[in-house]
Amino acid sequence: MSDVRSQIEAGNREFMAAFAKRDAAAVAALYTDGGQLLPPNSEVVRGHEAIREFWQGAMTRGLTGATLETVDVDASGETAVEVGRYRLTAGDAEADHGKYIVVWKNVDGRWKLHRDIWNTSKGA
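Report on the accompanying structure.

The rules behind these values
- Residues numbered from 1 in each chain as written.
- Predicted model: local features only at pLDDT ≥ 70, side-chain atom pairs only at ≥ 80, totals over all residues.
- Heavy atoms only, no water.
- Phe/Tyr/Trp six-rings, centres within 6.5 Å; stacked < 30°, edge-to-face > 60°.
- Helix = DSSP H or I, 4+ residues; strand = E, 2+ residues; numbered from the N terminus.
- Buried < 20%, exposed > 50% of the residue type's maximum accessible area, 1.4 Å probe, protein only.
- Polar contact = N/O pair within 3.5 Å; in protein donor to acceptor, adjacent residues only side chain to side chain.
- 1 Å grid on protein atoms, 1.4 Å probe; cavity = no way out; pocket = protein on both sides within 12 Å on 5 of 7 lines; lining within 4 Å.
- Points joined across faces, edges and corners; volume = space filled by probe spheres on them.
- Contact = heavy atoms within 4.5 Å.
- Salt bridge = Lys/Arg side-chain N within 4 Å of Asp/Glu carboxyl O.

Bringing the packing of aromatic side chains into the picture now. Any pair of aromatic rings gets described here by the distance separating the centres and the angle formed by the planes. For the structure on display, the rule yields 6 aromatic pairs. Relative to tryptophan 55, the ring of phenylalanine 19 has its centre 5.8 Å away and its plane inclined at 80 degrees; by these criteria the two rings are edge-to-face. Placement of the pair is phenylalanine 19 in helix α1 (residues 2-20) and tryptophan 55 in helix α3 (residues 47-60), with a sequence separation of 36 residues. Exposure class is identical for phenylalanine 19 and tryptophan 55. Each is buried. Plain terms: the ring middles of tryptophan 55 and tryptophan 118 are 5.6 Å apart, the flat faces sit at 25 degrees to each other, and that makes the pair stacked. Of this pair, tryptophan 55 sits in helix α3 while tryptophan 118 sits in strand β6 (residues 110-120), placing them 63 residues apart in sequence. Residue tryptophan 55 shares its accessibility class with tryptophan 118, and that shared class is buried.

Within the secondary structure, threonine 70 is located in strand β3 (residues 65-76). Look at threonine 70 and you get buried, because its relative accessible area is 10%. Within the structure, the side chain of threonine 70 is placed 3.3 Å from the side chain of asparagine 12, a separation counted as a polar contact. A distance of 2.7 Å separates polar atoms of two side chains, one belonging to threonine 70 and the other to glutamate 82.

The next subject is the layout of surface pockets. One number sums up the size of the largest pocket: a volume of about 160 Å³. Lining the largest pocket we find Phe54, Trp55, Ala58, Arg61, Leu63, Leu88, Asp96 and Trp118. The dominant element in the lining of the largest pocket, judged by the number of residues it contributes, is α3, at 3 residues.

By the element assignment, asparagine 12 lies in helix α1. Apart from the residues lying within four places of it in its own chain, the contact partners of asparagine 12 are Leu68, Thr70, Glu82, Tyr100 and Trp104.

Time to look at the environment of glycine 98. When you line up the elements, glycine 98 lands in strand β5 (residues 93-107). Under the relative-accessibility criterion, glycine 98 is labelled buried at 8%. Sequence separation of glycine 98 and leucine 68 is 30 residues, and the distance between their C-alpha atoms is 10.0 Å.

On inspection of all chains with the given rule, the structure shows 5 salt bridges. Of the charged contacts, one joins glutamate 14 and arginine 110 as a salt bridge, the two residues approaching to 2.9 Å between their closest N and O atoms. Separated by 96 residues along the polypeptide, glutamate 14 in helix α1 and arginine 110 in strand β6 bring together distant segments of the chain. Overall, glutamate 14 belongs to the partly exposed group, its relative accessible area being 36%. Judged by its relative accessible area of 36%, arginine 110 is partly exposed.

Listed below in structure tokens is the structure:
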């Protein structure tokens, strides 16, 4: 289990680095071909191109950073479920913080985000 967790944490570090570079294509590449985002107050976002467009839109609207913290990982075979906390920044200011669940899939030996859902804790 700790190996899966460390690989997922490494994937999160890649996500954070790509986000900090404002590279939405690199962020989208971390998702499976059938990947889906389930953002709050939005329809489901499906596939690499739509995921890239979603994250590019977030960056264009001023988000400059994402911090992801893994709280728990439960793995079975080629699937793992991660529970975590996130923080989004716009420059030096916090734009949002909350919690998330990601379903990860092992694709050809690499863990990729498959289902990604989050919601805010801001104001709570």
